[in-house]
Amino acid sequence: MSIPKYNEIMPNILRYLDTNGEQKFRSLEQPLAIEFGLSDEQVAQKYDSGNGTIFLDRISWALSYLTNSGLTERPRRGIYKNTDKAQAFINKSSEEIQQFVKEQMAIRAAELKTIKAEQGVDDGRSELLPTGDQTPQEVLNTAYESIRQSTYDQIIDTVLSKTPTEFESLVVKLMERMGYGGQVKNAGSVTQTTNDGGIDGIIKEDILGLGKIHIQAKRYARSNTVGREEVQKFVGALAVAQSNKGVFITTSSYSAGAIAYAESLNGTNNLVLINGEQLAKYMYDYSLGMQTKQHIEIKEMDSDFWDAMQNNLK
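Here's what I pulled together on the structure shown here. (Residues numbered from 1 in each chain as written. Predicted model: local features only at pLDDT ≥ 70, side-chain atom pairs only at ≥ 80, totals over all residues. Heavy atoms only, no water.)

## Some remarks on the overall build of the protein chain
Per the secondary structure count, the protein chain includes 11 helices and 10 strands. Since a compact globule built from 314 residues should have a radius of gyration of about 20 Å, the 28 Å found for the protein chain marks it as more spread out than a globular shape. C-alpha extents for the protein chain along the principal axes are approximately 80 × 50 × 40 Å. When each of the 314 residues of the protein chain is scored for burial, the buried share is 36%. (Helix = DSSP H or I, 4+ residues; strand = E, 2+ residues; numbered from the N terminus. Rg over C-alpha atoms; globule rule 2.2 N^0.38 Å. Buried < 20%, exposed > 50% of the residue type's maximum accessible area, 1.4 Å probe, protein only.)

## Some words on the environment of Leu28
Along the chain, Leu28 turns up in the loop between strand 1 (23-24) and helix 2 (29-35). Judged by its relative accessible area of 0%, Leu28 falls in the buried class. Sequence separation between Leu28 and Leu238 is 210 residues, and the spatial gap between their C-alpha atoms is 55 Å. The residues touching Leu28, leaving out its near neighbours within four places in the chain, are Tyr16, Leu17, Gln23, Ile59 and Leu63. (Contact = heavy atoms within 4.5 Å.)

## Here we look at a negative patch on the surface
Taken together, the side chains of Glu8, Glu95, Glu96 and Asp133 present a region of like negative charge at the surface. One can find Glu8 in helix 1 (residues 6-20). Looking at Glu8, the relative accessible area reads 36%, which means it is partly exposed. (Patch = residues over 30% accessible without salt bridge, like charges linked within 9 Å, V, L, I, M, F, W, Y side chains within 5 Å. Areas by Shrake-Rupley, 256 points an atom, 1.4 Å probe, with all protein chains shown as cover. Salt bridge = Lys/Arg side-chain N within 4 Å of Asp/Glu carboxyl O. Lys, Arg positive; Asp, Glu negative; His and termini not counted. Charge placed at Lys NZ, Arg CZ, Asp CG, Glu CD.)

## Looking at the pairing of strand 6 (residues 212-218)
With 5 of its 7 residues buried, strand 6 lies for the most part within the structure. Here strand 5 (residues 201-204) runs beside strand 6; their pairing, made up of 4 bridges, is antiparallel. Directly across from Gly201, in strand 6, lies its bridge partner Ile215. Bridge count for strand 6 against strand 8 (residues 245-250) is 5 bridges, and the pairing is parallel. Paired with Ile215 across the strands is Val247, a residue of strand 8. (Pairing = 2+ DSSP bridges.)

## Considerations on helix 9 (residues 256-263)
Restricting attention to buried positions, one finds in helix 9 the residues Ala258, Tyr261 and Ala262. The buried residues of helix 9 occupy an angular sector of 100 degrees when projected down its axis, which confines them to one face. For helix 9, the exposed residues set more than 90 degrees away from the buried face come down to Ala256 and Glu263. Tucked inside the fold, the buried residues of helix 9 contact strand 7 (225-226), helix 8 (228-240), strand 9 (253-254) and strand 10 (270-274). (Arc of directions from axis to C-beta.)

## Quick notes on the packing of helix 1 against helix 4 (residues 54-68)
Packing of helix 1 against helix 4 brings their axes to within 9 Å, and their N-to-C directions diverge by 70 degrees. Classified by the interaxial angle, the pair formed by helix 1 and helix 4 is roughly perpendicular. In this structure, the crossing between helix 1 and helix 4 has a hand that is right-handed. In this structure, helix 1 uses Tyr6, Ile9, Met10, Ile13 and Leu14 to contact helix 4, whose residues at the interface are Phe55, Arg58, Ile59, Ala62, Leu63, Tyr65 and Leu66. Each residue belonging to the contact of helix 1 with helix 4 can be placed in one class, and the counts come to 11 nonpolar, no polar and 1 charged. (Axes fitted to C-alpha atoms, helices over the stretch in contact; angles between N-to-C directions. Parallel < 35°, antiparallel > 145°, perpendicular 65-115°, else oblique. Left-handed = near helix turned anticlockwise from the far one by under 90°. Nonpolar A, V, L, I, M, F, W, Y, C, P; charged D, E, K, R; others polar.)

## Some thoughts on the sheet that holds strand 1
Within the open sheet, the 3 strands sit side by side as 1-3-2. Their pairing is antiparallel. What marks the edges here is a single partner per strand, and that holds for strand 1 and strand 2 (72-73). As judged from the 2 bridges shared by strand 1 and strand 3 (residues 79-82), these two strands associate in the antiparallel manner. Each residue of the ladder has a partner; that of Gln23, found in strand 3, is Tyr80. The strands touched by helix 1 within the sheet are strand 1, strand 2 and strand 3, with strand 3 carrying the most contacts at an inclination of about 90 degrees.

Rendered as structure tokens:
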């Protein structure tokens, strides 16, 4: 089973709290995972952005919405229990519960807006109402990935507008930016345009140049495909150079035969194939030709700070 959405988790939370009483937020993760038949890998699965685990985040937002709509409450920080109102929803479907949550949160948002208007306060904030089956964190991650993908496309478009020589220089710079060549000064170099023997760039791995990584760069249109024959020729060029370390980089993609051939080398040659998508990702991640446009800082409660304070038990 796939990881359930936040709205699919809400009925299970209500039933579990009804049976087991008040619970710590994190103590819900394991029993709910068992209910949904999730594997340890699914429970530990993180968002692509690295911002937390997916399942626990969805539990967190399910609890937030249930609490804001009055079906659960927090008697103490990090502790949740059902309200009397929850009893009427124990056996209802996720769709019915989500509809009630939406209605109650919309009423709550309208009330807050009225109060602020009466007080002459406009802090620019708005209530995060449930939309679809994505949590706000997931909406943010989707937008983040969309922006990244759009930038990847721009990177490849720009690379394709440059000369093949510039592309060769670019991939050598990328290898250096990724840490290959270590502390060797001027570790990377582009070979002569003519009679390069099928090698476009070289990275020295040590000061004496005893270890080297050889690079072939193909600035192909997106619709082009690097076939097995071209990869085989590069392996032949590595043999002539007496090297067993090679990186083939293209702005396009590789055929299934080319990929299968590279995988069949079984360590006789350490050959890495980098396609256009991966090239753009590496350039983005290692900030080659990139600049940071905006930082978005998202904060969460510091558990150690608040747990150190004495609770009011009245």
